[in-house]
Amino acid sequence: MKVFQVIKKQKGHTLLIIFLLLLVSGVSVLFNQAFSSAERGQAESDLGEAFEVSGPATMDVTLQYMYLDGEVIEEKTKETIWSMEDFWAQYEDWTLLRQSEGGMVFQKEIDDISPALKMNGYFGITEDGVLSIFEGVPQDEQVIQSFFQVDTKKLKSKQHSELVNGIPIGDKHHYEEVLEAFAEYKESEF
């Protein structure tokens with residue numbers, strides 16, 4: 001009988017402990033639900049204010065590629081800007097020349113001669129004796145860029161003939177080579 005009474009006492013305590021645990025859990029759940037609803041409402045309000053966005057910005061962007069021979073090629077585009085940080089990262093290797101409300105102009109120096117010069121550029125000499133770059137052969141007289149007056153009296157006949165007929169440019173290395181070769185025949189700056 002004594003064992004039964006001990007079990008009965010323990011059962012009573014166990015039931016009491018279980019009851020108290022259920023009561024505390026219930027109150028805790030109710031408290032969390034009430035707090036979560038209030039907290040959720042505040043969070044939604046805060047998010048609405050923090051993430052109120054009018055949409056992405058659209059900007060006119062002009063990219064200027066500046067080549068060694070002085071030619072500048074422009075490319076115009078419209079950029080949709082979702083993040084200014086990403087936008088600036090995209091143009092970190094460029095120089096910002098101008099910025100206005102609706103657009104930006106960036107420039108990048110290209111360590112090469114322009115594609116047009118590679119395809120159809122010729123070194124030649126004008127009638128005045130100025131070393132120049134021509135679009136096409138020098139006889140067409142379409143000067144793109146002028147450099148310096150050449151003392152034609154000091155030129156070898158082969159060099160003079162090459163300049164009269166035109167020396168195709170082709171690439172940056174040849175461009176620099178020809179300028180260097182004829183620099184020693186420079187008469188004066190004009």
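Residues numbered from 1 in each chain as written. Predicted model: local features only at pLDDT ≥ 70, side-chain atom pairs only at ≥ 80, totals over all residues. Heavy atoms only, no water.

Asks: Go over the confidence of the model for the chain with me, naming the residues and quoting the values.
Replies: Residues at a pLDDT of 70 or more form 69% of the chain, whose mean pLDDT is 76. When the elements of the chain are averaged for pLDDT, helix 1 (residues 2-50) gives the smallest value, 44, and strand 4 (residues 103-109) the largest, 95. Throughout residues 1-11 the model reports pLDDT below 50, and contacts reaching past four residues in sequence, or to other chains, amount to zero contacts. Counted against residues more than four places away or in other chains, residues 19-53, with its pLDDT under 50, gives one contact. (pLDDT = per-residue confidence, 0-100. Helix = DSSP H or I, 4+ residues; strand = E, 2+ residues; numbered from the N terminus. Contact = heavy atoms within 4.5 Å.)

Asks: I'd love a proper account of helix 5 (residues 172-183), names of residues and values included.
Replies: Taking 1.5 Å of rise per residue, the 12 residues of helix 5 would be expected to cover 16 Å, and the 17 Å separating its terminal C-alpha atoms lies within 8% of that figure. Looking at helix 5, one finds that the buried residues are Tyr175, Val178, Leu179 and Phe182. Buried residues of helix 5 fall within an arc of 100° about the axis and therefore sit on the same side. Residues of helix 5 that are exposed and point more than 90 degrees away from the buried face comprise His173 and Glu180. Put simply, aspartate 171 is the residue that caps the front of helix 5, since its side-chain oxygen is 3.3 Å from the backbone nitrogen of histidine 173. (Expected span 1.5 Å × (residues − 1). Buried < 20%, exposed > 50% of the residue type's maximum accessible area, 1.4 Å probe, protein only. Arc of directions from axis to C-beta. Polar contact = N/O pair within 3.5 Å; in protein donor to acceptor, adjacent residues only side chain to side chain.)

Asks: Quick one: what's the story with the environment of glycine 121, residue by residue and with numbers?
Replies: Here glycine 121 is to be found in strand 5 (residues 121-125). With a relative accessible area of 3%, glycine 121 lands in the buried category. For the pair glycine 121 and proline 168, spaced 47 residues apart in sequence, the C-alpha to C-alpha distance is 6.0 Å. Among residues more than four places away in sequence, those in contact with glycine 121 are Ala116, Phe134, Ile167, Pro168 and Ile169.

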